[in-house]
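# Coordinate analysis (summary)
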Amino acid sequence: HLLPTGTLTPHYLEFEAHSSSVSCLAVGKSSGRLMATGGEDCRVNIWAVSKANCIMSLTGHKNPVECVQFNMSEEQVVAGSQSGSIRVWDLEAAKILRTLMGHKSNITSLGFHPFGDFLASSSMDTNIKLWDVRRKGYVFRYKGHTQAVRSLAFSPDGKWLASASDDCTVKLWDLTQGKTITEFKSHTAAVNIVQFHPNEYLLASGSSDRTIKLWDLEKFTVIGSLEGDTSPVRCILFSPDGSCLYSGATDSLRVFGWEPDRCFDVVPVGWGKVSDLAVCNQQLIGVSHQLSSVSSYVVDLKRVRKSGGSVIQGIIQDNQPLTEPKDPKGSALRKNYERPTTTCSSQRVKQSSDADRRSPEGERRSPSEDEAEEKLSSAEIHNAEDFKEIFQPKNVISRTPPKISEPFPAPPEDGESIAALCPSAAGPVSSVLPPAQPPITMAKTKPQPKIIPSTRNEPIGLNVADFLPVTLSEEEALSQIKKGHDTMCVMLSSRHKNLETIRAVWAREDMKSALDSAVSMNDLSIVVDILNIINLQTLWKLDNCTTILPQIDKLLQSKYESYMQTGCTSLKLIMKHFWMLISDTLMAAPSVGVDISREERHQKCRACCKQLKNLSNIVKNKAEQVGRHGSTFKELQLLMAPLDDSL
C-alpha cells in the first residue's frame, strides 16, 4: 500500500542561482555531487549539490542558456543557447574547449556519448546533430521528428541514440548507419524524457500524458505502461542496479516496477519544476528551479520501498503482498548490452586542438570568428577551495571512470568535407562510422605515457604540428597567451599564499612546524616545494622523518616524474642519515628504570621502521621498470636492503 503523506520528509536546500530566471539545470550522474545551472543572464554556474555557494561561473554565451549537461566523467560541461550555439567547457582547466555552431534555433537537449568524445544535440529546428568535441564540424545530422526534441540518451554500449519529442514519438537511431531503427508511438502527448536501462535492452519514456512507457528493444514492443502520476512526468531514472524506476512529477516521487506494472512507493515532494534526478550513496537527489532560485531535494532511499506495492494497471491499489509471476519472462530472458572492453588509464589526456576545423553545409567560420567567440568566454572561479577539491588532477583520478577507446573514428580532417563522404544528409554515415557489428570495433588510440616527465619538449596530448601553419598577428598571439591567464593566476596566487604561510611558520617556530603546516594543507605540490628546500638542508632530525615518510609514499606513486624524483631524494637522505640510528635504537636492550625521552625515541623509530618497510615494497615494484625510473629505484632498493634483515 502507498506511503501515507508526510511519513518521509525529504531534505531540501534553496538558493538564488542567477541574477535572472534559471532556465535549465543538470546533476552529474557519476558522483551525484555536482550541479550545473543555466540562466537568462547567459551564464552557466557550477555548484556542489550540498552547498549554496557557486564554485565557478562560465560566461561567453550571448543569448540565454537553454540546456546544460555534464559528460560521463564530469570533467566537461556543455551548454546550448537560445540562438543555437553550443559551448563545451573543460572544468578542470577552467577554460572553453569548443564552440559548436550549426543549429538554427533554441537548443532543447544535449547528451554525451558514454565513452568517445562525442556529443548529441537537438533543437527547436527538429534536427539532431552528432558532434566530435575535438572538431568544429558535426559528424552527422539525424532528421525525422516533426516537432522539438525534448530529450536525448545514448545506449550504454554507445551504438544507439534515443530521442523523445513534442510530436508524441520516441525514435531509436543507429549511430553507425545514420538512420532510424524504429519509432514508438503509444504516447498521447509530448514525450519529455527518455532513459535506457543500465544493463538490459529496455527503454523508458516519460510523457505529459502522465504515463511512463517501457519498450523492449529486441522486439520493439511496449511491455509496460506505468500510470499513476497526477501531473506530467518531468524526469525518470533507473535505479543503479536497474531493479526499479524513479519518476519525478510536480508533486511527488514515484517508485515503479514492471512485468507486472506496479507502484512500489509514493513520496510526496513539492519540487515543482523538477529537472533532473541522480542517485548517490543510497540517496536520490532531485533538483528544480523557480524564477531565479534553485532547490535541491534529498530523499533517503533506505526508507523508500522498492519491492511489494500495488498493481497500477487501471490504478488498482491492493493491500495484499504481490506474488511474483511463476514464469518471469522479462528481465531474466532479456538481452544485455555488450560493453566494449575497458582499458584503465590513470592518465587522462585532452586531445583537443585549437587548429581551425571546417564545418559542412556552408557553416564554415573563419579562425578570427572562432577566436572572437572564445575571447569573450571566461571561467571565473568564485570558490578556489571547492574548485581545487573537486577539479584538481590529484583528486580527479579517483573521481573519473576508466578511459575507454573511441567507439568510432574522428571526423575528417581539413580538406575532406563530410558532404564529400556523405552525399545525402539522410544517407548512411558508414564512411565516417564503422559498420554495426557486435562487439564494437575500436579505433586504435596511441598509448599515452603513464608518467608525465618533468622535462619535455612538447605538451602532453597536443600535436605541435597543429599549431605551426597558423601565422598570428602580435595582437592575436597576445590574446592566445592571455587565454586562461586569470585562472592560472588564481591557482598560482593560492600556492604563493600557502608558501608564504609556511615561510612565516618556519621563521617563527622551526622546520618541523613548517613541514607539519605544509602537510595539513593537503596539497602535494606544496609538500614538494618544501621538500625540495629541506633536501638541501643538513639540519634534519628524527622528528622530520615521521612527518615526511607518509608523504614520500604519495610522491613515489605520483604520475609526475618531478614528484617521484623529490620523493626518492628524501628517501635516500633518510636511509643514509637515520637508518643506523633507527636500527640501533630498536635492537638495543631495554634500559633500567624509566627514561621518557628514550621511550619517545623508541616509539618514533618503530613508526619510521614500519613506514620504511611499506616504502620498500613500493621501491621493489618500481625497480622492475625499464629506463631511468627503474635505475633510480634499483639504487634505492640496494640502499633499503638492510630493512629485510631488520626486526
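The present account deals with the structure reproduced in this document. (Residues numbered from 1 in each chain as written. Predicted model: local features only at pLDDT ≥ 70, side-chain atom pairs only at ≥ 80, totals over all residues. Heavy atoms only, no water.)

Of regular secondary structure, the chain possesses 13 helices and 30 strands. When each of the 647 residues of the chain is scored for burial, the buried share is 53%. Entry remark: accessible area of the chain is about 29,900 Å², with carbon and sulfur atoms responsible for 52%. (Helix = DSSP H or I, 4+ residues; strand = E, 2+ residues; numbered from the N terminus. Buried < 20%, exposed > 50% of the residue type's maximum accessible area, 1.4 Å probe, protein only. Areas by Shrake-Rupley, 256 points an atom, 1.4 Å probe, with all protein chains shown as cover.)

We now examine the nonpolar core. Residues L549, L556, L571, I582 and L612 are the most contacted members of the largest nonpolar core, which totals 44 residues. At the level of secondary structure, the elements contributing two or more residues to this core comprise α7 (511–520), α8 (524–534), α9 (542–556), α10 (561–587), α11 (596–623) and α12 (628–639). When residues of this core are assigned to their parent elements, the largest contribution, 11 residues, is made by α10. In terms of nonpolar packing, the next biggest core, distinct from the first, is built from 24 residues, V77, L91, F387 and I390 among them. (Core = buried A, V, L, I, M, F, W, Y, C linked by side-chain atoms within 4.5 Å.)

Counting buried residues along strand β8 (residues 86–90), 5 of its 5 residues qualify, which places the element largely inside the surrounding structure. Burial of β8 is two-sided: the residues I86, V88 and D90 facing one way and the residues R87 and W89 facing the other way are all buried. Inspection of the sheet shows strand β7 (residues 76–81) paired to β8 by 5 bridges, in the antiparallel sense. The residue bridging G80 from the neighbouring strand is I86, located in β8. Between β7 and the antiparallel strand that follows it, β8, lie 4 residues; G84 among them carries a positive phi value of about 105°. Bridge count between β8 and strand β9 (residues 95–100): 5 bridges; the pairing is antiparallel. Across the sheet, the residue bridging to W89 is I96, located in β9. Counting the residues that bridge the hairpin from β8 to β9 gives 4 residues, and of these A94 lies at a positive phi of roughly 55°. (Pairing = 2+ DSSP bridges.)

Before going further, it helps to examine unusual backbone geometry. The peptide bond linking E259 to P260 adopts the cis configuration, its omega dihedral lying at 5°. Examined against the element boundaries, P260 turns out to sit in the loop between β24 (252–257) and β25 (262–268). For C168, which is not glycine, the phi torsion reads 75° and is therefore positive. With respect to the helices and strands, C168 occurs in the loop between β15 (160–165) and β16 (170–174). You will see that Q282, though not glycine, has its phi angle at about 65°, which is positive. Examined against the element boundaries, Q282 turns out to sit in the loop between β26 (274–280) and β27 (283–290).

Turning to the state of the cysteines, a few remarks are in order. All chains considered together, the criterion is met by 0 disulfides. The cysteine C545 is free of any disulfide, with C608 supplying the nearest cysteine sulfur at 5.2 Å. Here C545 falls in the buried class, since its relative accessible area comes to 0%. (Disulfide = S-S within 2.5 Å.)

The next subject is the packing of α7 against α9. It is at 9 Å that the axes of α7 and α9 come closest, and there the two elements cross at 20°. By the angle between their directions, the pair α7 and α9 is classed as roughly parallel. α9 is crossed by α7, and the crossing has left-handed handedness. On α9, the residues that touch M511, K512, L515, D516 and V519 of α7 are D543, N544, T547, I548 and Q551. (Axes fitted to C-alpha atoms, helices over the stretch in contact; angles between N-to-C directions. Parallel < 35°, antiparallel > 145°, perpendicular 65-115°, else oblique. Left-handed = near helix turned anticlockwise from the far one by under 90°. Contact = heavy atoms within 4.5 Å.)

At their nearest, the axes of helix α6 (residues 485–508) and α7 sit 7 Å apart, and the two run at 155° to each other. With respect to α7, the element α6 is oriented roughly antiparallel. In terms of crossing hand, the pair formed by α6 and α7 is right-handed. Of α7, the residues touching α6 (which contributes I502, V505 and W506) are M511, S513, A514, S517 and A518. The residue makeup of the contact of α6 with α7, split by class, is 6 nonpolar, 2 polar and no charged. (Nonpolar A, V, L, I, M, F, W, Y, C, P; charged D, E, K, R; others polar.)

Strands sit in the order β18-β19-β20-β21 across an open sheet of 4 strands; the sheet is antiparallel. Across the chains shown, the open sheet's two edge strands, defined by having one partner strand only, are β18 (191–196) and β21 (221–227). In this sheet, neighbouring strand axes are inclined to one another by 20° on average, regardless of whether the strands run parallel or antiparallel. Here 6 bridges tie strand β20 (residues 211–216) to β21, and the two strands are oriented antiparallel to one another. By the bridge assignment, L214 is partnered in β21 with G224.

The next thing to look at is the pattern of salt bridges. In total, this model carries 18 salt bridges according to the counting rule given. Two residues, K29 and D276, come together in a salt bridge whose shortest N-O distance is 2.8 Å. On the criterion of sequence distance, the pair formed by K29 in the loop between β2 (22–27) and β3 (34–39) and D276 in strand β26 is long-range, its members being 247 residues apart. Since its relative accessible area comes to 37%, K29 is described here as partly exposed. Note that R334 is salt-bridged to D216, the shortest N-O span being 3.4 Å. Taken together, the residues span a long stretch of sequence, with R334 in the loop between β29 (310–311) and α1 (367–375) and D216 in strand β20 at a distance of 118 residues. The network of salt bridges with shared partners includes E200, D216, K219, E259 and R334. (Salt bridge = Lys/Arg side-chain N within 4 Å of Asp/Glu carboxyl O.)

A separate point is the packing of aromatic side chains. Applying the stated criterion across every chain, the model contains 11 aromatic pairs. Relative to Y337, the ring of F196 lies with its centre 6.4 Å away and its plane at 75°, an arrangement referred to as edge-to-face. Linking F196 in strand β18 with Y337 in the loop between β29 and α1, this pair joins segments that are 141 residues apart in sequence. Each member of the pair F196 and Y337 is classed as buried. Taken together, a centroid distance of 5.7 Å and an interplanar angle of 85° make the contact between F238 and W258 edge-to-face. Of the two residues, F238 is situated in strand β22 (residues 235–238) and W258 in the loop between β24 and β25; the sequence distance between them amounts to 20 residues. Residues F238 and W258 agree in their burial class; the two are buried. Members of the aromatic cluster, joined through ring pairs, are W160, F196, Y201 and Y337. (Phe/Tyr/Trp six-rings, centres within 6.5 Å; stacked < 30°, edge-to-face > 60°.)

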